[in-house]
Number of protein chains: 2
Amino acid sequence: MSDHHDNPYAALKCVFHEPSRLAILSALCTAVEGLTFNELKHECDLTDGNLSRHLKMLEDAGTVAIHKEFVGAKPRTTVYLSERGRQDFVDYLVALEEVLKLAGKSVESRDAVRDESLPNWKPAQA
Amino acid sequence: MSDHHDNPYAALKCVFHEPSRLAILSALCTAVEGLTFNELKHECDLTDGNLSRHLKMLEDAGTVAIHKEFVGAKPRTTVYLSERGRQDFVDYLVALEEVLKLAGKSVESRDAVRDESLPNWKPAQA
């Protein structure tokens, strides 16, 4: 039995749920060779400070590996998605899809009730 | 043009994205007559303090209306989803679905590359 059997929403309480980190993970998934700090910053529309903070959290979670090197006189930081990070992210997306289905059903059930209770509702002509 | 055309992830930066509030909204969507504080607390697996805090944020956002009354000597708090709240939540779910599709595609593209680069990969027998 899953720990989240009773509360699928609890599965979203993880490092990937924050929108900027979700964007970072999506970008990294398409980049097998990794992405530089500047590429990520641009792609995810983040400031230096924000991206650094998010990458630190993802590194602490074992999601990304960060490689720093000098290219000539310039420092270059490259970020790679770890195998564990990829698997954790896939698990998160599966949980997110389940929650989206549940929420979608809830909205639909309300819409159905609303339609029935419309004051101007008339039965279809025979 | 949408403000989020360039960054669909930014559309998730809203009051509904927090997992407990997502659970509260889903529960309220199915309850046209509203839900009492205790029903919500039980359904969303929250403490009194946490539920109060989330409801305050949702009330400030115009998402819910909160009605307090006495039933005999006992106070009863009932929470209703507002029409605006329902529409805002539907908009959020649409944005979430879009992001999930994007992220899913990213994961798949990486899987495709991984499969091609597997050292033991062999072409299918003719």
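Calculation notes
Starting afresh in each chain, residues are numbered from 1 along the sequence in its written order. Numbering of ligands from 1 and lettering of chains from A proceed in the order in which they are written. The predicted nature of this model means local features are confined to residues of pLDDT at least 70 and side-chain atom pairs, given and counted, to a pLDDT of 80 or more, with totals for whole chains, interfaces and linings taken over all residues. Only hydrogens and water are removed before side-chain values are computed, so all heavy atoms of the structure are retained for them. Copies are brought into register by a least-squares superposition over C-alpha atoms of residues with pLDDT of at least 70 in both. Only strands joined by at least two bridges in the DSSP assignment are considered to pair. Only DSSP runs of H or I covering at least 4 residues are called helices, and only runs of E covering at least 2 are called strands; the numbering of each starts at the N terminus. Here a residue-residue contact requires only that any non-hydrogen atoms of the pair lie within 4.5 Å. The term buried area refers to how much accessible surface (probe radius 1.4 Å) is lost by two components on association, counted for both of them together. By definition, a salt bridge exists where a carboxyl oxygen of Asp or Glu is found within 4 Å of a side-chain nitrogen of Lys or Arg. As used in this structure description, the phrase polar contact means that two N or O atoms lie within 3.5 Å; if the pair is within protein, one of them must be able to donate a hydrogen and the other to accept it, and residues adjacent in sequence are counted only when both atoms belong to side chains. Residues are sorted three ways: Asp, Glu, Lys and Arg are charged, Ala, Val, Leu, Ile, Met, Phe, Trp, Tyr, Cys and Pro are nonpolar, and all the rest, Gly among them, are polar. Whenever a helix is involved, its axis is fitted only over the stretch in contact; in every case the axis is a line through C-alpha atoms, and angles between N-to-C directions fall within 0 to 180 degrees. We call two directions roughly parallel when the angle between them is under 35 degrees, roughly antiparallel when it is over 145, roughly perpendicular when it lies between 65 and 115, and oblique otherwise. Only Phe, Tyr and Trp rings take part, Trp by its six-membered ring, and two of them pair if their centres are within 6.5 Å. Stacked means planes under 30 degrees apart, edge-to-face means over 60, and tilted covers everything else. Only protein chains enter the calculation, and the probe is 1.4 Å; a residue is then buried if its accessible area is under 20% of its type maximum, exposed if over 50%, and partly exposed in between.

Asker: Mind showing me how you'd approach the relation of the copies chain A and chain B here?
Answerer: For the pair of chain copies, the relating transformation is a rotation about an axis with a translation along it. Superposing chain A onto chain B takes a rotation of 180° plus a shift of 0.0 Å along the axis, which leaves an RMSD of 0.0 Å. Seen this way, the second copy is the image of the first under a two-fold rotation axis.

Asker: Hey, could you run me through the sheet that holds strand β3 (residues 74-81) of chain A in this one?
Answerer: Strand pairing in a sheet takes place through backbone hydrogen bonds and is either antiparallel or parallel in direction. All names here are of chain A. If you walk across this open sheet you meet the 3 strands as β1-β3-β2, and the pairing is antiparallel. In this open sheet, the two edge strands, each paired with only one partner strand, are β1 (35-36) and β2 (64-71). Looking at chain direction, β2 and β3 are connected through 8 bridges and run antiparallel. Bridging across to β3, Phe70 finds its partner in Pro75.

Asker: Please clarify how the sheet that holds strand β2 (residues 64-71) of chain B should be interpreted in this entry.
Answerer: All names here are of chain B. Across the sheet, which stays open at both edges, the 3 strands sit in the order β1-β3-β2 with antiparallel pairing between neighbours. Since the sheet does not close on itself, it has two edges, and those belong to β1 (35-36) and β2, each with one partner. Across 2 bridges, the pairing between β1 and strand β3 (residues 74-81) is antiparallel. Following the sheet pairing, Thr36 is matched in β3 by Thr78.

Asker: Sorry, what's going on with the interface of chain A and chain B here?
Answerer: A common way to report how large an interface is uses the accessible area buried once the components associate. Tallying the contact residues gives 37 residues for chain A and 37 residues for chain B. Buried surface at the junction of chain A and chain B, summed over both partners, amounts to about 3,100 Å²; 66% is from carbon and sulfur atoms. At the junction of chain A and chain B, the tally comes to 0 salt bridges. Our enumeration of links across chain A and chain B arrives at 7 residue pairs in polar contact (both at pLDDT 80 or more). If you list the elements that add at least two residues to the side of chain A that touches chain B, you get α1 (19-29) and α4 (83-117) of chain A. If one sorts the elements of the side of chain A that touches chain B by residue count, α4(A) sits on top with 18 residues. Along the lines of polarity and charge, the residues of the side of chain A that touches chain B split into 20 nonpolar, 8 polar and 9 charged.

Asker: Sorry, what's going on with the packing of helix α2 (residues 37-44) of chain B against helix α3 (residues 48-60) of chain B here?
Answerer: Axes are the key here: two packed helices are described by the angle between their axes and the distance separating the axes. All names here are of chain B. One way to put it is that α2 packs onto α3 with a least axis distance of 10 Å and a crossing angle of 105°. Classed by the angle they form, the pair α2 and α3 counts as roughly perpendicular. Across from Phe37, Leu40 and Lys41 in α2, the residues of α3 making contact are Asp48, Leu51, Ser52 and Leu55. When grouped by side-chain class, the residues that make up the contact of α2 with α3 number 4 nonpolar, 1 polar and 2 charged.

Asker: Sorry if this is basic, but what is going on with the packing of aromatic side chains here?
Answerer: Each aromatic ring pair is summarised here by two numbers: the centre-to-centre distance and the angle between the ring planes. All names here are of chain A. All told, the structure shown has 6 aromatic pairs over all chains when counted by the stated rule. Ring geometry for Phe89 versus Tyr92: centroids 6.3 Å apart, planes at 20°, classification stacked. With a gap of 3 residues between them, Phe89 and Tyr92 both fall in helix α4, about one helical turn apart. On the basis of relative accessibility, which here comes to 2%, the residue Tyr92 falls in the buried class.

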